[in-house]
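# Architecture and fold: a report
Each chain, letter by letter, is given below.
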Amino acid sequence: NAGVTQTPKFQVLKTGQSMTLQCAQDMNHEYMSWYRQDPGMGLRLIHYSVGAGITDQGEVPNGYNVSRSTTEDFPLRLLSAAPSQTSVYFCASSWARSGTSGPQETQYFGPGTRLLVL
Amino acid sequence: GIQVEQSPPDLILQEGANSTLRCNFSDSVNNLQWFHQNPWGQLINLFYIPSGTKQNGRLSATTVATERYSLLYISSSQTTDSGVYFCAVEVAGGGADGLTFGKGTHLIIQP
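Parameters at a glance
- Residues numbered from 1 in each chain as written.
- Chains lettered and ligands numbered in written order.
- Predicted model: local features only at pLDDT ≥ 70, side-chain atom pairs only at ≥ 80, totals over all residues.
- Heavy atoms only, no water.
- Helix = DSSP H or I, 4+ residues; strand = E, 2+ residues; numbered from the N terminus.
- Rg over C-alpha atoms; globule rule 2.2 N^0.38 Å.
- Buried < 20%, exposed > 50% of the residue type's maximum accessible area, 1.4 Å probe, protein only.
- Contact = heavy atoms within 4.5 Å.
- Areas by Shrake-Rupley, 256 points an atom, 1.4 Å probe, with all protein chains shown as cover.
- Lys, Arg positive; Asp, Glu negative; His and termini not counted.
- Charge placed at Lys NZ, Arg CZ, Asp CG, Glu CD.
- Pairing = 2+ DSSP bridges.
- Axes fitted to C-alpha atoms, helices over the stretch in contact; angles between N-to-C directions.

## Concerning the overall build of chain B
If you tally the helices and strands in chain B, you get zero helices and 11 strands. Going from the N terminus to the C terminus, chain B shows its helices and strands as β-β-β-β-β-β-β-β-β-β-β. Since a compact globule built from 111 residues should have a radius of gyration of about 13 Å, the 14 Å found for chain B is in line with a globular shape. Seen through its C-alpha atoms, chain B measures out along the principal axes to roughly 45 × 25 × 20 Å. Put simply, chain B has 111 residues, and 50% of those count as buried. When contacts within chain B are restricted to residue pairs at least 6 apart in sequence, those whose partners lie at least 24 apart make up 56%. Of the accessible surface of chain B, which amounts to about 5,100 Å², a share of 49% is contributed by carbon and sulfur atoms. One finds the centroid of the 5 positive side-chain charges in chain B at a distance of 3 Å from the centroid of its 8 negative side-chain charges.

## Some points on the pairing of strand β7 (residues 59-64) of chain B
All names here are of chain B. For β7, the buried fraction is high: five of the six residues fall into the buried class. In textbook terms, the turn of a hairpin is the stretch between consecutive antiparallel strands, and for strand β6 (residues 52-56) and β7 this stretch comprises two residues, one of which, Gly57, has a positive phi near 65°. Judged from the six bridges that link them, β7 and strand β8 (residues 69-74) form a sheet pairing that is antiparallel. Its bridge partner being in β8, Ala61 is matched across the sheet by Leu72. From the end of β7 to the start of β8, which pair antiparallel, there are four residues, and Arg68 there has a positive phi angle of about 60°.

## Some points on the sheet that holds strand β1 (residues 4-7) of chain A
Residues and elements named next belong to chain A. Pairing within the open sheet is antiparallel, and its four strands lie in the order β1-β3-β8-β7. Edge positions in the sheet fall to β1 and β7 (64-66), since each of these pairs with one other strand and no more. Across the sheet, the mean angle separating the axes of adjacent strands is 20° when strand polarity is ignored. Bridging between β7 and strand β8 (residues 76-78) involves three bridges; their strand directions are antiparallel. Bridged to Asn65 within β8 is Arg77.

By themselves these figures say nothing about function.
Rendered as structure tokens:
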């Protein structure tokens, strides 16, 4: 199993450009999520999904879109990049906890994508 | 939203020392996890511990849900334990169904 993979590893964008960060998992997990990590801020939840066709907003969703057309993939789209979106982005997956729409105990994180917006 | 506070923010120890990291949270939770982020940025899940005590080798964790805190113990530290330790919680009863992270404890183990 490859686990959770993210591409690209590093990206530089100019203000106003758009791009898609890719995330894929091969563990058939229902729950997938995107976080951003800024210095001194810990990780903050951007969007999450509990299955194909179902997505919802996290703590900091503005400026980002997601879709979940398959169980395996959960891309994150930046529609018009801003310098405030410079960050490290992590994708995570897990089973969903039964009876809830939250993540189960063991979450697997991808290696991260470092994004710099000039 | 729920507040998650970790202490200390930074900790420097010699190899072989023991340490205790603390996580306080401001509301009832139904999910609490501890993660280790190594110096290369990789995040590893250590414990899922919304209540009670668990042990895994030199690491153990205790959560007292009624008093809204969790402790992570590292015994006989090794240099490979260096990195940032995060506590993350999911609030009970609703809201965004994902984890809220603390700001982390940055641990440096010196040889």
